[in-house]
Structures are given as C-alpha cells and as structure tokens.
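Descriptive structure summary
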Amino acid sequence: MYNKILLTGINGQVGHELQRVFSEHHALFGELVCLDRNQLDLSDQQAIRDVVQTIKPDLIINPAAYTAVDNAETEPELAYAINAVAPGVLAAEAAKLGARLIHFSTDYVYAGNKVGLYVEDDATAPLSVYGKSKLAGEEAIRSVGLPHLIFRTSWVYGAYGKNFLNTILRLAKERDQLRIVADQVGAPTSSYSIADTVVNVLDQWQGDASGIYHLVNAGYTTWHGFAIAIVEEYSRLEAVKGWQPLKAQVENIQAITTADYPTPAVRPANSRLDCSRLLRDFSISIPDWREALIAELQALPLANN
Ligand SMILES: NC(=O)c1ccc[n+]([C@@H]2O[C@H](COP(=O)([O-])OP(=O)(O)OC[C@H]3O[C@@H](n4cnc5c(N)ncnc54)[C@H](OP(=O)(O)O)[C@@H]3O)[C@@H](O)[C@H]2O)c1
C-alpha cells in the first residue's frame, strides 16, 4: 500500500492506461497524483525537484518520454533532457524521500542483430539517438541506487493515442492499397497489457528489489503481419459494431522492406524480447499480442469508426 503515487505523462498511451487501471485498484494506494506535461515539464530539472519535493510521493511512475523517434535525430538535446537527464533527477529526488521508482524503456536499446530473443543481460547497442537517450536514462536511474523497476517494452499501441493501430485504421479507410515493412520482427504490446502488468507487479514488489524487466505481449510478428491482423480483426468485428468498412483488404497490404521505407532513425530488425525474468519473479500472465489486439479493438471509441 502506497500513501501517494506520482504518475507522469498521463496524456501518453501508457500514462493514460495506468491512470485508468489504477482507478480500479484503490486498495494499492492512498492518493494518485496525475501530472501532464503542463504540470510537470521533464525538460526542466528544477521543476522536477520542486514538484517531487512538494508532493512527497512514496512511489513515482514515469511513463512520460520523448518518443518522437525520428525527430530525436535532429533534436538530441531535448531527447536527452527528457529521456536521460529527467529520469536521473526523478530518481535522485525519490531517493531523498526514501521513495521507489518505476520507469519504462525500449527495445531500441538493442542493435536488433541477435538471432532469437533478447534477454535483459544481452549487450545493448542502440542504433538511434532515441535508443541512446533511453539507455542513458536507465543508467542514470541505476546509478542513484534507489529501489526501482525498469520495464523495457516494444511496439506500444492501444485504442487511445497516436500509434500504429490507429494509423493503419485511418489509412485503411482512406486508401485501398497499403505498403508495410515486413522485415522487422517484434511484439506489438498494448498499453493496457503494460498498465495491467505494472499494477499486478506493484502489488507483489517486495523490499529493495530492483531490476530491468522485459514487458511485451507474448508471441511476435512483423509490422506487415500486425497490419494484416488489424484489418482481419477489425473486419470480423465491423458488422457487429456497425463500424465503417475498410477500403483496404488483406490482399491489398503489400509487404515492403525497411530499405523501401527509409526513416531518419534506424530501427532494430529484431525487437523480440524474452519476458522469462518477469514471469519468474512475479506471479503474472501476459496475453498473446493478437488477443491483446482484439481487446484494444473492442475498446475503440466510437469516434474512431
Ligand atoms: N510507443 C512505443 O512504441 C514505445 C516502444 C517502446 C518503449 N516505449 C516507452 O514506453 C513509455 C511510454 O510510451 P508511450 O507510448 O506511452 O508514449 P507517448 O504516448 O508518446 O506518451 C509520452 C508522453 O510523454 C509526455 N512528454 C513528452 N515530453 C514531455 C516533457 N518534456 N515533460 C513531460 N511530459 C512529456 C507526452 O506529453 P504530451 O501528451 O503533452 O505530448 C506524452 O504524454 C516511454 O518510456 C517510451 O519510451 C514506447
């Protein structure tokens, strides 16, 4: 039971879901203080110090991040301020209060050239400014030495927010042809699965235990496979839900290579993360990515359709 939890980034995908899931688990905490970017700007170190020392939480959960992966290549200072420096300041301020910290990181800390699944102890070698800034954030937290959990996740999406699911649904309503990258593999991970797992882990988190954990939905696919699954599952639900039909059908979703779709930031080809450590240390279960996708589609707001 926590007296006061400070949650950042509540307008982001994971922050939004954490706020929603926490509202169903009142027994875990006395008060949940939810802050958006206007209330706590993580690029302002003094603001972080002031806010944390005013609120005096006994747990900080930080899903806020600079997540514009391609833009980070041209504004590395801002990406580092939010993803690398801010987590360290949050950790230092939490440590002064004897508080704990939960933070989120990414598959982009890896180079993506491993055959098979990454485990947490594998060598990191980020390919992008974003990945480097997130890795520096992990290191900043670890160097403070307070009790902390860092969850590395991947391919985050949900009914709420700007993400691959909502982009594919928008494009598939506008166009009859889609071209999607088919040579990057990973696990699409729903923001609900992340939030639900974090709340369950929190309930079991004992003493001073700290660590890095992979947290992704089970199974894996490519972006192309994910797009096909989105169109298939949407089409299955469409009649029952009375949703707008899609123009693009599965056979019109063309597989392309990463080289066909160049982006400023280099992405890992293999983003598969092994969650065995999380499943060993905590009594939780993580749904398959396709099951999680169906649940997110069921939760689509009507305005989306
Ligand atoms: N999205 C992915 O595919 C993915 C993959 C792997 C790991 N992750 C990690 O998972 C975590 C959650 O990601 P997400 O998908 O929920 O991200 P998101 O939807 O992009 O949300 C990020 C949030 O951070 C906030 N933010 C940005 N700059 C800020 C600042 N200077 N001060 C305070 N808040 C600021 C944003 O505020 P505004 O709403 O005002 O813009 C937004 O609410 C992050 O640590 C991310 O690095 C994400």
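As the structure is a prediction and not an experimental result, all values here were calculated from the model.

Side note on the side chain of S133
Checked against the element boundaries, S133 lands in helix α4 (residues 129-144). Separated by 2.8 Å, the side chain of S133 and the backbone oxygen of Y130 make a polar contact. In this view, S133 contacts A79, Y80, N83 and A84; residues no more than four positions away in its chain are not counted.

Observations concerning the environment of L7
If you trace the backbone, L7 turns up in strand β1 (residues 2-7). By relative accessible area, which is 0% here, L7 ends up buried. Taking C-alpha positions, L7 is 6.1 Å from V33, a pair spaced 26 residues apart along the chain.

Some remarks on helix α2 (residues 45-55)
Taken residue by residue, α2 has A47, I48, V51, V52 and I55 as its buried positions. Projected down its long axis, α2 carries its buried residues within an arc of 120 degrees, all on one side. Taken together, the buried residues of α2 touch β1, β2 (29-34), β3 (59-62) and α3 (76-97). Residue K56 follows α2 closely and has a positive phi angle near 50 degrees.

Regarding the packing of helix α7 (residues 223-241) against helix α9 (residues 289-298)
Where α7 meets α9, the closest approach of the two axes is 10 Å, and the angle between their N-to-C directions is 40 degrees. Our classification of the angle between α7 and α9 gives oblique. For the pair α7 and α9, the sense of crossing is right-handed. Note on element contacts: α9 touches α7 through W289, R290, L293, I294, L297 and Q298, opposite G225, F226, A229, I230, E232, E233, Y234, R236, L237 and K241.

Some thoughts on the pattern of salt bridges
Scanning all chains against the criterion turns up 12 salt bridges. Across the pair R20 and E17 runs a salt bridge, and its minimum N-O distance is 2.9 Å. Note that R20 and E17 are positioned in helix α1 (residues 13-22) at a spacing of three residues, about one turn of the helix. On the basis of relative accessible area, R20 is assigned to the partly exposed category, the value being 39%. According to the relative accessible area criterion, E17 is buried, its value standing at 6%. Linking E233 and R290 is a salt bridge whose minimum nitrogen-to-oxygen distance equals 2.9 Å. Highlighted residues: E233 in helix α7 and R290 in helix α9, separated in sequence by 57 residues. Since its relative accessible area comes to 24%, R290 is described here as partly exposed. Members of the salt-bridge network, linked through shared partners, are E232, E233, R236 and R290.

Considering the sheet that holds strand β5 (residues 148-153)
Read across the open sheet, the six strands follow the order β2-β1-β3-β4-β5-β10; overall the sheet is parallel. At either end of the open sheet lies a strand with only one pairing partner, and these are β2 and β10 (211-214). In this sheet, adjacent strand axes meet at a mean angle of 20 degrees when their direction is disregarded. Across six bridges, strand β4 (residues 100-106) lies against β5 in parallel orientation. Looking at β5, one finds that H103 is bridged to I150. The strands touched by α4 are β4, β5 and β10; relative to β4, the strand with the most contacts, the crossing angle is about 160 degrees.

Quick notes on the rules
Residues numbered from 1 in each chain as written. Predicted model: local features only at pLDDT ≥ 70, side-chain atom pairs only at ≥ 80, totals over all residues. Heavy atoms only, no water. Helix = DSSP H or I, 4+ residues; strand = E, 2+ residues; numbered from the N terminus. Polar contact = N/O pair within 3.5 Å; in protein donor to acceptor, adjacent residues only side chain to side chain. Contact = heavy atoms within 4.5 Å. Buried < 20%, exposed > 50% of the residue type's maximum accessible area, 1.4 Å probe, protein only. Arc of directions from axis to C-beta. Axes fitted to C-alpha atoms, helices over the stretch in contact; angles between N-to-C directions. Parallel < 35°, antiparallel > 145°, perpendicular 65-115°, else oblique. Left-handed = near helix turned anticlockwise from the far one by under 90°. Salt bridge = Lys/Arg side-chain N within 4 Å of Asp/Glu carboxyl O. Pairing = 2+ DSSP bridges.

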